[in-house]
Amino acid sequence: YWIKIALDLIFGLVAKENGSLGPLSSKVNFETKRNRKIPKRAVKKLKNLEEFLSDAKDDYLSNLIEPLRYMCHADHDLAHAMWIELFPKLWNLIPNTAQDEIKGNISSLLSRDIFQHQSRSFPNIVQSLLSGFSKCELTSDLDPGLINYCAKRFNTWHLSIDILEKQLINQYPYTSYSPFNYLCDLYTSVSEDDLYYGMLSSHCTISDSQSAIVLQQMGMWEHAFGVLTRALQQEAEGYIENVSWQEQELWSEQWIKCIKKLEKWDLLAKVAKENMRSETLIEAAWKLNNWELMKQTFDNFPVRENAANVRILQSYLSFHMKDNIAADKYCMNAMNLLYIRWSLLPRRPSVAHVPVMQSIQQIVEIYESSKIIRLLSPEQTTTHPSAPQEIKNTLLTWRHRLPNEWDDTCHWSDLYHWRKYVFKLLTKAFKRAEGNSSYLGRHESAVAITTFAQIARVQGLVEVSLDSINQISSFKNIDVNMEFKKLRSQMQCYLKIPKYYKIGLDIINSINLDSFQHLSQYQAEIIEIKGEFLQKLGYIEESSKSFAMSVTLNEFLDKGWIKWGKYFDDLYHSRPLTASNIEYATHAMNCYLQGIKCVAHQSRSHLARVIWILYEDKGEGNSRRSRKKRKKDEGSEELKEFCGELIDIFDRFTEKLPAWIWIPWISELIHGLSLPCSVPFSKILTSIATIYPQAIFYPLQVSYTEEEWKTRVLPKKQTNKRKRDTRRKKDSKEMVHISDIQEEMRENFEELCDNMEKLGEEMSIAFSTTQEEDLSQWLSILYKECHSSKLTPKEISKLISNKVETIFQIFFESNNGQEVEQDEFVELYKYRFEKHFILEHEHESDNDKTIGYIKDWIKELNIISQNKSSEIDFNDASPFLAEFQNDTIFAPGQFFGNQEPNLEKTYHIDKFISPIKVIHNGSPKRKFSLRLNNGETEHYLVEDCERISRFRNGDLSTYEVNHEWKSDERFQNLLTYFSILLKLTIQTRRRSLYINLPNFVRINPNIRLMKSSSGSIPMQEFYRNWCNANGKHINDVLEYSRKELISGKERNAVCKEINEIIPPTILTDFLMKKLMHDYDGLWHLKQHLISQFSVTSFLTQLFSVDRDRITNTFFSPETSQLHLTGFHPGYNSNGILRSNEDMMEDKGTNLPFFLSRNIQYFFGPTAITGVFNISMFSVLHAIRDSDQYLCLLEDNLRVFFQDDNCNWNQIDDNEDFYELIPTAERNASIVSKLLEQLAPVTNSGEEIESATPINSKITELIDMAIDPENMMNTDLKYCLWY
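The model shown is predicted, which means the values in this text are computed figures rather than measured ones.

**Focus on the confidence of the model for the protein chain**
Detailed conclusions should not be drawn from predicted coordinates in areas where pLDDT is low.
In step 1: Of all residues in the protein chain, 86% have pLDDT values of 70 or greater, and the mean over the chain is 82.
In step 2: No element of the protein chain has a lower mean pLDDT than helix H46 (residues 948-953), at 42, and none a higher one than helix H16 (residues 278-287), at 93.
In step 3: Long-range and interchain partners of residues 24-36, a stretch whose pLDDT sits below 50, account for 21 contacts in this model, where long-range means more than four residues apart.
In step 4: Confidence drops under a pLDDT of 50 for residues 621-639, and excluding neighbours within four residues, the segment shows 29 contacts in the predicted structure.

**So, a nonpolar patch on the surface**
In step 1: Among the surface-exposed residues, Trp-2, Ile-5 and Leu-9 lie close enough to one another that they form a single nonpolar patch of about 310 Å² accessible area.
In step 2: For Ile-5, the position within the fold is in helix H1 (residues 3-15).

**Concerning the pattern of salt bridges**
In step 1: The final tally for this structure, using the stated rule, is 45 salt bridges.
In step 2: A salt bridge links Arg-931 to Asp-910; the shortest N-O distance between them is 3.0 Å. Here Arg-931, found in strand E5 (residues 925-932), pairs with Asp-910, found in strand E4 (residues 909-919); they are 21 residues apart in sequence, far enough to count as distant.
In step 3: With a relative accessible area of 32%, Asp-910 lands in the partly exposed category.
In step 4: Within this structure, Asp-569, Arg-609, Glu-1194, Asp-1195 and Arg-1198 form a network of salt bridges that share partners.

**Looking at the sheet that holds strand E8 (residues 1007-1012)**
In any sheet, the strands associate via hydrogen bonds between backbone groups, in a parallel or an antiparallel arrangement.
In step 1: Spatially, E3-E4-E5-E6-E8-E7 is the arrangement adopted by the 6 strands of the open sheet, whose pairing is antiparallel. Each edge of the sheet is formed by a strand with only one pairing partner; in this case those strands are strand E3 (871-872) and strand E7 (1000-1004).
In step 2: Bridging between E4 and E5 involves 7 bridges; their strand directions are antiparallel. Counted as the bridge partner of Ile-919 is Lys-925 from E5.

**Focus on empty space enclosed by the protein**
In step 1: Inspection of every chain in the model, using the stated rule, returns 9 cavities of 30 Å³ or more.
In step 2: Quantified by volume, the largest cavity comes out at close to 890 Å³.
In step 3: If you go around the largest cavity, you meet 48 residues; those closest to its centre are Ile-666, Ala-695, Pro-699, Glu-969 and Phe-1000.
In step 4: Every element with two or more residues in the lining of the largest cavity is listed here: helix H35 (666-671), helix H37 (693-717), helix H38 (721-748), helix H39 (750-766), helix H47 (959-984), E7 and helix H57 (1189-1212).
In step 5: With 9 residues, the single largest contributor to the lining of the largest cavity is H37.
In step 6: Of the residues belonging to the lining of the largest cavity, the class tally is 24 nonpolar, 14 polar and 10 charged.

**Brief notes about the pairing of E5**
In step 1: The buried fraction of E5 amounts to 7 of the 8 residues, a majority that puts the element mostly inside the structure.
In step 2: Note: E5 against strand E6 (residues 937-944), 6 bridges, orientation antiparallel. Opposite Arg-926, over in E6, you have Val-942 as the bridge partner.
In step 3: In this antiparallel pair of consecutive strands, E5 and E6, the connection spans 4 residues, and Gly-935 shows a positive phi of 90°.

**Digging into the environment of Phe-423**
In step 1: For Phe-423, the position within the fold is in helix H23 (residues 409-429).
In step 2: Since its relative accessible area comes to 3%, Phe-423 is described here as buried.
In step 3: Counting along the chain gives 54 residues from Phe-423 to Ser-369, while the straight-line C-alpha distance between them is 9.8 Å.
In step 4: When residues no more than four places from it in sequence are discounted, the contact partners of Phe-423 are Leu-395, Trp-398, Gly-441, Glu-444, Ser-445 and Ala-448.

About the criteria used
- Residues numbered from 1 in each chain as written.
- Predicted model: local features only at pLDDT ≥ 70, side-chain atom pairs only at ≥ 80, totals over all residues.
- Heavy atoms only, no water.
- pLDDT = per-residue confidence, 0-100.
- Helix = DSSP H or I, 4+ residues; strand = E, 2+ residues; numbered from the N terminus.
- Contact = heavy atoms within 4.5 Å.
- Patch = residues over 30% accessible without salt bridge, like charges linked within 9 Å, V, L, I, M, F, W, Y side chains within 5 Å.
- Areas by Shrake-Rupley, 256 points an atom, 1.4 Å probe, with all protein chains shown as cover.
- Salt bridge = Lys/Arg side-chain N within 4 Å of Asp/Glu carboxyl O.
- Buried < 20%, exposed > 50% of the residue type's maximum accessible area, 1.4 Å probe, protein only.
- Pairing = 2+ DSSP bridges.
- 1 Å grid on protein atoms, 1.4 Å probe; cavity = no way out; pocket = protein on both sides within 12 Å on 5 of 7 lines; lining within 4 Å.
- Points joined across faces, edges and corners; volume = space filled by probe spheres on them.
- Nonpolar A, V, L, I, M, F, W, Y, C, P; charged D, E, K, R; others polar.

As structure tokens, this is what we get:
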């Protein structure tokens, strides 16, 4: 690795200069302009820095260079990083003639044989050279074949992909020698299927090609096979013309791939013979157990010598021919090839390593099969009595050593096909044995078949699953358990295909239930499946009877209870509310609760339905008034409302349900304490407080404080006495319940409550922001609003006057009705603030001067805040927290999710780790870390919004912040349900798509914590760093754009000038330096960020989330985690979700979501087309096509929107809780209809007639988001240039 020697020589030349470092320091001024003294701690640090710089300026340059020379020899990774940083600077010093000569020899240098011995080292010469060349853009003219060679031979995979992508974009045409083919080859080699398909899709011209590609990406192989078959037939018949040879070849290759996925081995063998595909023919012959054809093909046709999969197939053939020596030889060759391939893969574990591990598993099972066959020989049986037990242990290992559910079905098929071959040998060997051994092979074969059938069904290959299940029919003497599993798998397949509904019902009717007479749970499930078929066929009454019979046979059959409850639910909603119809509602409630009781760990979705039905009951339970009302209305045919019947049923069930299932619903339960269902809700909260007091302590405390504030402040603003009395009565009722729960909790956990209360108070003090930070934040918001291109000068003047007056009131006049104390802050800023923003701003002609003042104030306040310290010691912020030790208080946020809390694995706070980090990014925050008693460290972001909404609303109310934070908490609960759907869907799990749930913990109404990652930074940080490095202010572009637009310049011209000033490479360069030029790490980070951006972008469009969230976005380059704060739906003035027209009118943008220029450049066009697009569609598909979609999703949406709209509506004090129910239903309907518009329903067994890709709507959204014209028309305040 001679790079370190080259660096040594370069540093040696520099050291020979032997000059001094120069005057690196200047006198530090410890007094600011306003006589504001710098804190003593900062003065001490600055003095130490001054002394160091003073001593260093007289030192020699060689004293700095010599240690670097030694370090390069000690660490190759450091030498590699230093070379990449240093090479571009050295290149600029070389004359142009010498540069041209070097460029001409780069290809011969990279292809020298002398580098071969370093091919498996990291870093190696080629990696360092190619990385340095790419930094100087010297790779744009290199041969794509050479780049491909370097990737495969010298482990430059991701760097080579980056180079080829840039070549493809910039200059190369689409030819057989273009980067396209080599790029597709690299994508396939590292198993980046979505990028591969995205590349193919971007170069396809026929809609059938794009449709088939998307269907393959989504695992819809039956539909893709149909589309490709139709395209090939139409092309052959002349219906499709002008198809390029590349696209025809693509159709053929993908058609064969579909055949493999669909297990059509007869057809594959026929095609392979016709097209002389020897390896494909060998694979088909093996799957057809045609060993003779397999041997003939190996003998008569050439195969690749360096392909591990070919060697594995040769091992299978040798094993069948009982040539153990040859089988061992081929296995060893395959293992060596896999070892070489593994050593050349990227260092970071990724999907590229999965195929190698799958092949290794096949080789391991070949060796284990050989051991089994040896144990079956008569000699081993007599000399080793434990041989049968050893065989059983190996088979048990096989049963547990399985691929993931979302892994390629081809790998599942390969494993199980070989295992079934071994099981046949076992069956033959134990044919005359006595006892259970005689059924061993047959039983294991049946287990393997049912397992593979289940995997195929889950992955959407229903016909493959049915073909697999039918193999069990030929088995004899199958036990009852296996017979039932076979039947259930078969019926689950039939339920997915409408044309099989009648067949499935006939099979169920023909079953003799007496054969399961001692297994009532099997009988119950068979009858429940019968009810599902009857329901699908429209026999509603008959299906109800089947569900009733199923729960009679097995009262713990949750599916039977839920289905029966759905039947009564449908009857209730399809008829007017009469006395008899109320029975249906009560039956539905009872059935749902019984089902939840049976499977509490899966109750998340059905609890939403229970709560929504409960909201329809306006009665008072068993109160005297409700009984009188019911008696009075007994003679009437129609009733207008319930009178407590549903509440009574729910109340009786609260004690039967475990308390932990209600933890995610705490905020809804607390809100319901003011409703008629307050009594059962209070009981539930009390049970939670008894078992999990720390999960509910802070939510109760925050709610009580807010209710107390509302009863004290809001009634003064009410003009209508009747409304005021109602408000006080409702709030007091909620406060009474909360107070009762708190008192009971204090009786049981007095010391714990005192400690948590003290902890919350100290955290509120320690993490509060300074007045300078608050004022800077609000002026920054005002500054950005003033640059909105929607506003006229007159409107800007009015905006400034109103907002400035509000700021002045908050900081310098009153605080919740009380006079602000004349402290140092007020004395320093009050009169100057009044002069600049109130006295001198009288007309719209003063806008420029006032905006200039705002910019100067922001700059000055930021300097003061940053000079104080970027870190705060806990000893200074709170001695109590610095010395905190308590073995009873858990770390915040551990009672989160849908699983039962395990108190033994819930960890306590061991220590608050200094320092507290101060984050300055326009929205000041704090960040701190906790050490838990298990030794792990948790990181938290802290938001302090004590007065922020008073500025946004323009009044002295803190209500909007409360709404936003409450909305965050409720939206977090809804996202938890979406997260469950993503975990249950194959395509989202395969792509590692998940919702990084924001885990919020409010310790008081104005302070909340959010779990974060180590090293998380604001998304703005990369742009802020670039501005600092280039001597610019972060708001300079806003100022420039406003002045240019005022001068009359066209908007597009201004945007183009901004794009020339701000490069799109800022984010990429920032992350590259952060990761020390680790291209593998950058690729890993990019893939994770793409997946998380796709999820958040989809949710942004679905729920009309405010697009302007750049200041609330954090990400961690270390963990690749994306964290969002303030992420909740956006409504119009009527409480309805905003449409694109509303967003354009209110926010100045019609973009569905934001993908700025830097983010687009970092992702790359291929990743946006392939990965981002299909990831968004996978999330949509997981939500849209989930089982019981309407029953479960819409209920969760209704409950969320009802509580959220109620919270929103309290701001303006409009409607009553029950009057808001139609609004919640409308919002839920808007979301459901949008989902239906974005994703068409595709059922198995149904042919897709349209050639339009199923993700076409998602593609339209992405095209709209990245369209330059749309981005230019977006309000400039959103800063889409970075």
